[in-house]
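Descriptive structure summary
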Amino acid sequence: DAMVRLVASYRKELLKETHQFLAQHLESEGNLREAEHHYCEAGEWLSAVNMYRSNDVWDEAIRVAKLHGGVNASKRVAYAWALALGGEAGAKLLTKLGLIEPAIEYAMESGAFDHAFELARSSLQRKLPEIHLKHALYLEDEEKYNEAEDEFINANKPREAIDMYVHQQDWANAMRVAETYDPSAVSDVYVAEARAAADRNDYPRAEELFLMASKPELALAMYQEAQMWHEALALTQTHLPHKLAEVNMAYQSAQASRGTGGSKTDFLATGRMWENSKQWSNAVDAYLNARKDALPPDELEEIWECAVRIARTELRSRYPEVVMEVTRRLREVRRHEAAAEILREAQQLESAVECAMQGECWEKARELAQGQRALEDRVEKAYQSFLVNAENTDGLLELGHTDAALDVLAKGKEWDRLWEMTTKNRCAPAVLAKYAAVRMQQLLDEGGGRRLDEGVRTLFKYGAPASLQYMDMYREVTKGVLGRNRVQEEEADQAKTVECLRDVLYKVTTALKGSSGGVDPELEQMLMATHYTNLFHKCQAEGGRDMAELATKISITLLRYNSVIPSDKVFYQAGMICKEQNQTNLAFVLLNRYVDLTEAIEEGDASMIDNADFSAATNVPFSDVLPKGQYLPEESDREGVRDWVLSVCMDASVDAALPPEGQAVGTIYAGLYASDLATCIVTGFPVAKRDELQINNSVANKRDWNLLVSKTKTCPWTGKTESPAW
């Protein structure tokens, strides 16, 4: 006490701690009453209560709690005492203390339900239902469901018994309890069982149970959640007809949100639902809701045809519109035959035929057009055009359109097949010539060059059309072949190509003379230029002095065809062969002109050429049109010719001028001058009357003709086999 007084006087802030210290010290010495005093002075009466409890002095603990904490505090201590005693002893204690209700609570919490019932029946009967309920819950936790059921019923809680059985999915007992004690819960049992069936995907059973519960809207929600729209629509139609439009809209929205249009079964089911309700316009729209990106074409065709059927039989006002829409869609998915049939049923025969042709359904188009001559012709023409565009030669041949089939092959450059087909079908010569010309033109369009050899041989083998409409082609071919430079000639079989070309032009000219009696002068000039070039090659190929003499004359003759053959080429060839034959004077004159031409070609200026040397040579026309390129591509070759000309120019013995026309007769110069005498078919030189040989519709110098024929054994003009005519 002295300590407490001193602290209270001098260190008042430590007074509480001092009381606590003293209380704990006294408690440890067993002086509980003094300890209680100091705990309470420190305001820690709960510590005093706990002190008495820990020392098993419960009466004192209750007293302190009641004194400082009130009745409720004392009851809590009493309850703790009962718990410490446990079982029936604890309950008796509470009863002794007048705490019957806490005693009952304690008994239930400790599982002593018999004692709880005994206390309640003797002292507090209103607690009996609560005890039954807690006992039932206890039995349920112990999985004693039958006993728990009895207790729930005793507690007047049948719904809890039902919920217990529902939780266990014991539907029979749940329904028994509901029917016996709570009929209003019967539908809830059906609903709970239905949900369980839905959870295990037993949707038909779930629907049946929802309907038994008079809850069709729950079955509908189940189907909608499961995206089972076919079943949802069927259920709605039967049990919730007022929701039909709403469900259908939800179905369409669901399909759109998924980016699909549903399955074929979905669309057919929706359409049939509206049909069964006789809502024809809705049925048509339902079928038309099927879109091309959602289903394969064959399924779309089946669905859309349902729309046409409904419109045709039940909704005539929409029939034209539906036919137009469905046939448009069918064409988009390449179902032209089905579209054509729908158009025929709608009495739109011409449109049906057009639709079939558009889809290349030719048998269907023929079937539709049968009996209508104009439509039949239209179909056949369209089919032929189709075969041509498709390059279907077999189909064209089946139709008997050989020319069209050949056109296809020619366009596709399938020439081996084309010639095979012409042979197989025994095509007329005119047909062969036509396609030979087509091939020749193709090769020209591809750039000519070496391709000309193939083209000329094609014309030679299959014939060439005798028509001036091909004049441009003949001109281009002739100038292309005869205008080759020396390198190009060496790379090609020039002699053979010229021979074939000469034969082609000869036959064309002969045919034109026979048909019209006249020949275009240009064509004739091309023939003669090719004819003499051919003989020039033959003479050179045969070799020998006599053939060289003929070749020299022919080269002089070719000078007159410088509008067909490049001028530098003819002057070079003539000059070089004259040089080889020691005709130096003439060689100089010719090669001098060649040098002038090469320089003019290099400069691109024809005015550089002085024609004085050849002004009297009436058989050598002067042309101011220069060749596009050099006959001798190599500059060194041209330089060699130029050097020779310069060297000869310094030779006083060389006469650089042509002899007068009168002095040229009978000489190598004769070919340079025009003459009234006949022209030799072999050399192109004038033929004196005494030397004339008329043979095979031509005139020749007898000696020259015999020289050539004795070597070649053929007529130089007709190509027929011949012998010399001595």
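So, here is what we can say about the structure in this document.

What counts, and where the lines are drawn
Residues numbered from 1 in each chain as written. Predicted model: local features only at pLDDT ≥ 70, side-chain atom pairs only at ≥ 80, totals over all residues. Heavy atoms only, no water. Helix = DSSP H or I, 4+ residues; strand = E, 2+ residues; numbered from the N terminus. Buried < 20%, exposed > 50% of the residue type's maximum accessible area, 1.4 Å probe, protein only. Contact = heavy atoms within 4.5 Å. Areas by Shrake-Rupley, 256 points an atom, 1.4 Å probe, with all protein chains shown as cover. Phe/Tyr/Trp six-rings, centres within 6.5 Å; stacked < 30°, edge-to-face > 60°. Lys NZ or Arg CZ within 6 Å of the ring centre and 35° of its normal. 1 Å grid on protein atoms, 1.4 Å probe; cavity = no way out; pocket = protein on both sides within 12 Å on 5 of 7 lines; lining within 4 Å. Points joined across faces, edges and corners; volume = space filled by probe spheres on them. Nonpolar A, V, L, I, M, F, W, Y, C, P; charged D, E, K, R; others polar. Core = buried A, V, L, I, M, F, W, Y, C linked by side-chain atoms within 4.5 Å. Axes fitted to C-alpha atoms, helices over the stretch in contact; angles between N-to-C directions. Parallel < 35°, antiparallel > 145°, perpendicular 65-115°, else oblique. Left-handed = near helix turned anticlockwise from the far one by under 90°. Polar contact = N/O pair within 3.5 Å; in protein donor to acceptor, adjacent residues only side chain to side chain. Pairing = 2+ DSSP bridges.

Side note on the overall build of the protein chain
A tally of helices and strands in the protein chain yields 41 helices and four strands. Split into buried and exposed, the 726 residues of the protein chain put 46% on the buried side. Sequence separation of 24 or more characterises 46% of the internal contacts of the protein chain that already satisfy a separation of 6 or more. For the protein chain, the computed accessible surface area is about 36,800 Å², with 47% contributed by carbon and sulfur atoms.

With respect to the packing of aromatic side chains
Applying the stated criterion across every chain yields a total of nine aromatic pairs. Pairing Phe 113 with Tyr 138 gives two aromatic rings, centres 5.4 Å apart and planes at 45 degrees, and the pair type is tilted. On the criterion of sequence distance, the pair formed by Phe 113 in helix 9 (residues 113-123) and Tyr 138 in helix 10 (residues 128-141) is long-range, its members being 25 residues apart. A relative accessible area of 38% means that Tyr 138 is categorised as partly exposed. Taken together, the ring pairs connect Trp 415, Trp 419 and Tyr 462 into an aromatic cluster. One residue, Arg 502, lies across the ring of Tyr 506, its end atom 4.8 Å from the ring centre. Sitting over the face of the ring of Phe 685, Lys 553 holds its NZ or CZ atom 5.9 Å from the ring centroid.

Focus on empty space enclosed by the protein
Following the criterion strictly, the structure yields two cavities of 30 Å³ or more and no others. There is about 70 Å³ of room inside the largest cavity. Around the largest cavity, the lining residues are Asn 562, Ser 567, Phe 571, Arg 593, Leu 597, Asn 611, Val 620, Pro 621, Phe 622 and Ser 623. Listed by contribution, the elements that provide at least two residues to the lining of the largest cavity are helix 37 (567-580) and helix 38 (584-603). Residue classes in the lining of the largest cavity are distributed as five nonpolar, four polar and one charged. The space that makes up the second largest cavity amounts to roughly 40 Å³.

Some details on the nonpolar core
Ile 556, Leu 559, Phe 571, Leu 586, Leu 590, Leu 658 and Leu 672 are the most contacted members of the largest nonpolar core, which has 108 residues in total. Per-element tally for this core: the top contributor is helix 38, with eleven residues. The contacts of Phe 571, once residues within four sequence positions are left out, are Leu 559, Leu 590, Leu 591, Arg 593, Tyr 594, Leu 597, Phe 614 and Val 620. Counting residues in hydrophobic clusters, the runner-up holds 45 residues, among them Trp 171, Ala 194, Tyr 203 and Phe 210.

Notes on unusual backbone geometry
Unusually for a residue other than glycine, Asn 156 sits at a positive phi of about 60 degrees. On the secondary structure map, Asn 156 appears in the loop between helix 11 (145-154) and helix 12 (158-167).

Section: the side chain of Glu 489
By the element assignment, Glu 489 lies in helix 33 (residues 486-491). Given a relative accessible area of 13%, Glu 489 falls into the buried group. The residues touching Glu 489, leaving out its near neighbours within four places in the chain, are Arg 484, Gln 494, Lys 569, Gln 573 and Tyr 631.

Brief notes about the packing of helix 30 (residues 429-445) against helix 32 (residues 471-482)
Axis separation between helix 30 and helix 32 bottoms out at 11 Å; the angle between their running directions is 55 degrees. Here helix 32 runs oblique to helix 30, going by the angle between their axes. The element helix 30 and its partner helix 32 pack so that their crossing is left-handed. Together, Ala 437, Met 440, Gln 441 and Leu 444 of helix 30 and Met 473, Glu 476 and Val 477 of helix 32 make up the contact between the two elements. Tallied by class, the residues present in the contact of helix 30 with helix 32 amount to five nonpolar, one polar and one charged.

Re helix 41 (residues 702-712)
Among all positions of helix 41, only Asp 704, Trp 705, Asn 706, Leu 707, Leu 708 and Val 709 are buried. With a side-chain oxygen positioned 3.0 Å from the backbone nitrogen of Arg 703, the residue opening helix 41 is Asn 701.

Considering the pairing of strand 4 (residues 698-701)
Relative to strand 4, strand 3 (residues 692-695) is paired through four bridges, and the arrangement is antiparallel. Residue pairing in the sheet places Ile 695 in a bridge with Ser 698 of strand 4. In sequence, strand 3 turns back onto strand 4 through a hairpin of two residues, with Asn 696 there showing a positive phi of about 50 degrees.

Section: the side chain of Thr 552
Note on placement: Thr 552 falls in helix 36 (residues 545-557). Thr 552 sits in the buried class, given a relative accessible area of 4%. The contact partners of Thr 552, leaving out residues within four places of it in the chain, are Ile 577, Cys 578, Gln 581 and Ile 668.

Brief notes about the environment of Leu 444
Residue placement: Leu 444 occurs in helix 30. For the pair Leu 444 and Glu 476, spaced 32 residues apart in sequence, the C-alpha to C-alpha distance is 8.0 Å. Not counting the four nearest positions on each side in its chain, Leu 444 is found in contact with Leu 452, Met 473, Glu 476 and Val 477.

Here's the deal with the packing of helix 29 (residues 415-424) against helix 30
Contact pair helix 29 / helix 30: the axes reach a minimum separation of 11 Å and the direction vectors enclose 170 degrees. When the interaxial angle is binned, helix 29 and helix 30 end up roughly antiparallel. Taken together, the residues of helix 30 that come into contact with helix 29 (itself represented by Trp 415, Leu 418, Trp 419 and Thr 422) are Leu 432, Tyr 435, Ala 436, Val 438, Arg 439 and Gln 442.

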